[in-house]
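So the chains spell out like this:
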Amino acid sequence: MESRVPSCNVCAEAVGFSPDGNVFVACRHCNFPICRSCVDHESKADGGRTCLQCGSPYSFLEERTGPDAEQEVEKAASTKGLNLGAHLQESQDKEGHRRQMSNLSAIETESNGDSGNPLWKNRIESWRDNKSKKKKVPTAPKEPQLPPEQRMNDARISEAQEPLSITVPISKNKLTPYRFVIIMRLLVLAFFFQYRVTNPVDSAYGLWLTSIICEVWFAFSWVLDQFPKWTPIERDTYIDRLSLRYEREGGICDLAAVDFFVSTVDPLKEPPLVTANTVLSILAVDYPVQKVSCYVSDDGAAMLTFETLSETSEFARKWVPFCKKYSIEPRAPEFYFSQKIDYLKDKVQPSFVKERRAMKREYEEYKVRINALVAKAQKTPDEGWIMQDGTPWPGNNLRDHPGMIQVFLGHNGAHDIEDNELPRLVYVSREKRPGYQHHKKAGAMNALVRVSAVLTNAPYILNLDCDHYVNNSKAVREAMCFMMDPQMGRDICYIQFPQRFDGIDRSDRYANRNTVFFDVNMKGLDGIQGPVYVGTGCVFNRQALYGYGPQSLPIVRKRSSSCSLCCCCCCCCSGSKKTDDEKELYRESKREDLDAAIFNLQEIDNYDDYERSLLISQMSFEKTFGLSSVFIESTMMEYGGVPESANPAMLIMEAIHVISCGYEEKTEWGKEIGWIYGSVTEDILTGFKMHCRGWRSIYCMPLRPAFKGSAPINLSDRLHQVLRWALGSVEIFFSRHCPLWYGVGGGRLKWLQRLAYINTILYPFTSLPLIAYCSLPAICLLTGKFIIPTLSNVASVLFLCLFISIILTSVLELRWSGVGIEEWWRNEQFWVIGGVSAHLFAVFQGILKVTAGFDTNFTVTAKASDDAEFGELYVFKWTTLLIPPTTILVVNLVGIVAGFSDALNSGYEAWGPLFGKVFFALWVILHLYPFLKGLMGRQNRTPTIVVLWSVLLASVFSLLWVKIDPFLSKDDSVPMKNCISIDC
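Residues numbered from 1 in each chain as written. Predicted model: local features only at pLDDT ≥ 70, side-chain atom pairs only at ≥ 80, totals over all residues. Heavy atoms only, no water.

(A) Structural detail: the overall build of the protein chain. Within the protein chain one finds 37 helices and 13 strands. For the protein chain, the proportion of its 984 residues judged to be buried stands at 48%. When contacts within the protein chain are restricted to residue pairs at least 6 apart in sequence, those whose partners lie at least 24 apart make up 78%. Just so you have it, the protein chain exposes about 49,100 Å², and 57% of that area is on carbon and sulfur atoms. (Helix = DSSP H or I, 4+ residues; strand = E, 2+ residues; numbered from the N terminus. Buried < 20%, exposed > 50% of the residue type's maximum accessible area, 1.4 Å probe, protein only. Contact = heavy atoms within 4.5 Å. Areas by Shrake-Rupley, 256 points an atom, 1.4 Å probe, with all protein chains shown as cover.)

Laid out in structure tokens, this is it:
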């Protein structure tokens, strides 16, 4: 009997029986097989009571009696066509089929077709899905509404599944005109050089040729700087989704652990209080305490730094719970208490004011203790420093001392005043012995990499300079939105944050903020392969520092001798033309240098302990990472962590071993893994190696700056800082890692990214044409010659177009980047100031280092400042870097005076060419104006511009006065011409 019952065309089950015992038939016009439950579902969902196939009212309604049945029959009959069309249209909307229906008759014709009709199938499939969902989730006959808590949980789960970050491209309305002007500027430059080359100045051929060479180099530098900004982007993060996905109330936190690195060298130039504020801001960061560890590298082995950290660990027990209780920002006490804002804003706890006053008093007492330590350290005792237990300080000899590690705070150690765990705080001073190369900051950072791998082994590392504190307590979560993204994070080597600074004068006289680089250039690089590494404020993927390639990188095949032989045979057979296989083999051979330290972690994870030990021996892990089995084992843990069975005392002994001065000998440290050696700007070199291996980096710019630091606002210190950066670029240029040729055949570094790296190593060499070009106006004024012949109308239009294109490029760049015009102008001024001073010295020092082995000492930039606001701004410190720009200023000022003198003696026809020369000289003086203000210091309250214009105008009017001589009458002027002897 059951075998004869037809199946429902909607749910594929038996249609069942009617109350009289017969097979249920909903429509007697076409006998369309459908069960009663599907008919009821249709009625509740869509309100329709008509047959799916023929559109007639269901027959079982006619058999029922009563007013309700009659109303339903009338309703079904009246909506036989219209209601069917409406149902079909709704079904189409649900399934995404947006078909345009011309009229109702067409709908009825299309819906009344056979069972293969697409619209009918869509409706059937929709109802099947709904019914299958009901079967999977058993519910009551009447669906009860979910409680608000459950609805909120469902909403949170759906939100947690959303992307953790999005890419926000720059608006086309801003970017399209910008790109158009760049192309037009290239065309104008082509016509400009065509005119300049074909119209030489015979009377001043040397000056003309010099100007042509300089202008060609400037155009080349502009191309290197401009085109990496072709595709700028911005990014937004969703830290709330990160918490919903990886944090559960009362459950296990799945957020990744982070190791913070803080490096310091000289506590007298880098005040301990500054370092302590950085450490306190790290310990109070808004991140699970069991996931945070702070390592402080003291490369000067100073007992002052050690004692400062000891005091800081005690104060942190009070400071950290205060920060987290009231969610204060920033969490560096010195900068929090010095804010000139309403600190009661958004604070609702009545106890906040009382506790804040108490905490400020605690911090002031803490500052007094630190200042006492600093005062004590000003004079070193003859017998050396003695520790509190009476033993000599191991670092009394800065060049010969053992490695030192001290754990001040830990997950199982000291708690805060509210009995909560505190992040781990570790003091590290690596071993130093005579005769070893220690590689300055890069060597110290590599020592921290090994120590942290042995003790905590967090999968991510965040490095900060000692003067860069955490200004945004959620900065780590911002970075984890990228690093822990399942799709994006697997290919990211580091997250770079922009550098922001405190204590800079309002006008930013020496462009310390470097806004154009951080807000324009870095956004452009983020649209290619990622920003460059700038040395601080960066979150690293530990596996990228170990030399491993990204997970999406295919395994490079190693060529055997047989493959080479086959390749040669193929070449002989196919002729001189290279095949695709040969090109791929050539590219793989170029990648061998890049893959010197890259291993396949996915293969290692599948082996047991015995096979793993054999693999370590076979793949020469010890030759790569050094003789430490504990550290080598940690490098194979992609997600980090330390075995729970590990003995803490044994780990400390192993950590002392990995920071010994001979550990890196005959290994790949500094060559292929860790921070790369060979340049004082190890940051650029390290990021470049990662990008060459196929990694990409991310530029993260949260609304509240993630980190803030101090910058040298004194002219001499600022020039020395720029000198160090430029010298590092010159060293990279003369090394094997030069972006001009390193990894060219590998195919992993995008060509626009390579242009950006080439620009970072070539910009110091721009100083040579720049200093020549800045001297040309004075030479032209003193000699009466010029580098440009008499302009025709066409040439005048060409020059005008060039100036307009330069202005438009800058204006449109400021438009999409949001940089102010004052910041852009300060950047232009200091580009000239640094170019004719620090960059010039860097080129010569780099050449001397390569040719004669002359090395330069690393100078730590002083971080202290006077008590007065911007007191360092007016301090004048003489240095040889000031000689070239001072000479250029004096020569151009003398040239302007000489030019006016010559024009007064030559007549009116000389005034036309004079204006072009004077404009050229004033352009140079205007760019060097901040340098001139720095030279004058704070000797008087007269503005520098007044002094400058006073000297110029006084000289010009003096010459004019001598030429006119108003006290000489016209009658006396005639005999004066004939009076040539002394007796006349």
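(B) Representation of the environment of glycine 670. Position of glycine 670 relative to the elements: it lies in the loop between α25 (648-658) and α26 (682-692). Along the primary structure glycine 670 and histidine 439 are separated by 231 residues, whereas in three dimensions their C-alpha atoms are 8.8 Å apart. If sequence neighbours within four positions are ignored, glycine 670 has contacts with Asn446, Trp675, Ile676 and Tyr677.

(C) Inspection of empty space enclosed by the protein at higher detail. Taken as a whole and assessed by the stated rule, the structure comprises three cavities of 30 Å³ or more. As a volume, the largest cavity reaches approximately 60 Å³. Considering the residues around the largest cavity, the lining is formed by Thr264, Pro267, Glu270, Pro272, Thr275, Thr305, Thr308 and Leu309. Secondary structure elements with two or more residues in the lining of the largest cavity: α11 (272-283) and α12 (303-326). At three residues, the largest contribution of residues to the lining of the largest cavity is made by α12. (1 Å grid on protein atoms, 1.4 Å probe; cavity = no way out; pocket = protein on both sides within 12 Å on 5 of 7 lines; lining within 4 Å. Points joined across faces, edges and corners; volume = space filled by probe spheres on them.)

(D) Examining the side chain of aspartate 259 more closely. Within the secondary structure, aspartate 259 is located in strand β3 (residues 258-264). A polar contact is formed between the side chain of aspartate 259 and the side chain of threonine 456, at a distance of 3.0 Å. Residues contacting aspartate 259, with those up to four places away along its chain left out, are Ser293, Tyr295, Ser452, Thr456, Asn457, Ala458, Tyr460, Ile461, Leu462 and Arg542. (Polar contact = N/O pair within 3.5 Å; in protein donor to acceptor, adjacent residues only side chain to side chain.)

(E) Here's a closer look at the pairing of strand β11 (residues 538-541). Alternating positions in β11 separate into two faces, Cys538 and Phe540 on one and Val539 and Asn541 on the other, with burial throughout. Alignment of strand β7 (residues 460-465) against β11, held across four bridges, turns out to be antiparallel. Bridge pairing in β11 places tyrosine 460 opposite asparagine 541. Sheet topology places strand β9 (residues 492-496) next to β11; three bridges connect them, and they run antiparallel. The residue bridging isoleucine 495 from the neighbouring strand is valine 539, located in β11. (Pairing = 2+ DSSP bridges.)

(F) Representation of the side chain of arginine 718 within the structure. Its location among the elements puts arginine 718 in helix α27 (residues 715-733). Buried arginine 718, no salt bridge; nearest opposite-charge side chain is aspartate 508, N-O distance 6.7 Å. (Lys, Arg positive; Asp, Glu negative; His and termini not counted. Salt bridge = Lys/Arg side-chain N within 4 Å of Asp/Glu carboxyl O.)

(G) Region of the structure containing helix α15 (residues 440-455). For α15, with 16 residues, the first-to-last C-alpha span of 23 Å sits near the 22 Å given by 1.5 Å per residue. Within α15, 14 of the 16 residues are buried, which leaves the element mostly enclosed by the surrounding structure. Directly beyond the C-terminal end of α15, a positive phi value near 55° is found at asparagine 457. (Expected span 1.5 Å × (residues − 1).)

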